[in-house]
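# Summary of structural features
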Amino acid sequence: MKLMFASDIHGSLSAMQTVLERYKAEGASRLVLLGDLLYHGPRNDLPDRYDPKGVTALLNSVKNELFCVRGNCDAEVDQMVLDFPILADYALIDLSGVTAFVTHGHLFHLDNLPPHKPGDLLIHGHTHVLTVQVKDGMTYINPGSAALPKENNPKSYMVYEDGVFTIKTLEGDPLLTHHVR
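Presented here is a report on the structure given in the accompanying data block.

Rules and cut-offs
- Residues numbered from 1 in each chain as written.
- Predicted model: local features only at pLDDT ≥ 70, side-chain atom pairs only at ≥ 80, totals over all residues.
- Heavy atoms only, no water.
- Salt bridge = Lys/Arg side-chain N within 4 Å of Asp/Glu carboxyl O.
- Helix = DSSP H or I, 4+ residues; strand = E, 2+ residues; numbered from the N terminus.
- Buried < 20%, exposed > 50% of the residue type's maximum accessible area, 1.4 Å probe, protein only.
- Phe/Tyr/Trp six-rings, centres within 6.5 Å; stacked < 30°, edge-to-face > 60°.
- Contact = heavy atoms within 4.5 Å.

## Quick word on the pattern of salt bridges
In this structure the tally under the stated criterion is 6 salt bridges. Between Arg70 and Asp89 there is a salt bridge, and its shortest N-O distance comes to 2.4 Å. Note that Arg70 is positioned in the loop between β3 (66-68) and α3 (76-79) and Asp89 in the loop between α3 and β4 (90-95), a separation of 19 residues in sequence. For Asp89, a relative accessible area of 30% translates into the label partly exposed. Measuring nitrogen to oxygen at the nearest pair gives 3.9 Å for the salt bridge that ties Lys135 to Asp111. With Lys135 in strand β7 (residues 131-135) and Asp111 in the loop between β5 (98-103) and β6 (121-123), this residue pair connects regions lying 24 residues apart in the sequence. By relative accessible area, which is 70% here, Asp111 ends up exposed. When salt bridges that share partners are traced, they join Lys2, Arg22, Glu26, Glu161 and Lys168 into one network.

Given below as structure tokens:
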């Protein structure tokens, strides 16, 4: 199984187009979106080519390939225009026997860990900063932001395949690799 993760699109049509191009090029079976899809939020600058309606159309065109969780900038009004569910606060994904707690990061994060067993994963966006860390036996992985990266990070996404997470630039260049086992 090969999955691609992206977070914090924030209504950027250029970022969404590139994420979908990378998704096809990666040959992943699903695209997991970690929230903040359409709205830029009051703390963020407008992203490149801000076009929530255009992002909506792109996402709806691949609705059967998406798994999504709700970000702090996602609301019920967004769900009204999207043809796939986005309002779950988290999802649990079995990655070859390892449990991944997938969320946006505004509710569960390193300072408020979800219930977990040693070896479980916490995957979230929200901070717009790519990283891999371990805390209390749980590995935390953040793919960064595809549209509005922070702390001098590049625009990025992440791929999971055969126990390996690879965070890449939107151009597809590897930045960071983490082996789960």
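## A look at the environment of Glu171
Counting through the fold element by element, Glu171 comes out in the loop between β10 (164-169) and β11 (174-179). Residues Glu171 and Tyr157, spaced 14 residues apart in sequence, show a C-alpha to C-alpha distance of 9.7 Å.

## Some thoughts on the packing of aromatic side chains
With the rule as written, the count across this model stands at 5 aromatic pairs. Residues Tyr90 and Phe101 carry aromatic rings whose centres are separated by 4.7 Å and whose planes lie at 15 degrees to one another, so their mutual orientation is stacked. Remark: Phe101 occurs in strand β5 and Tyr90 occurs in strand β4; sequence separation between them is 11 residues. On the numbers, 4.8 Å between centres and 50 degrees between planes, the contact of Tyr160 with Phe165 is tilted. Take Tyr160: its relative accessible area is 1%, and that puts it in the buried class. Chaining the aromatic ring pairs together yields one cluster made of Phe5, Tyr160 and Phe165.

## With respect to helix α2 (residues 52-61)
For α2, the full list of buried residues reads Gly54, Val55, Thr56, Leu59 and Asn60. Here the buried face of α2 lies against α1 (13-26), β2 (30-33) and β3.

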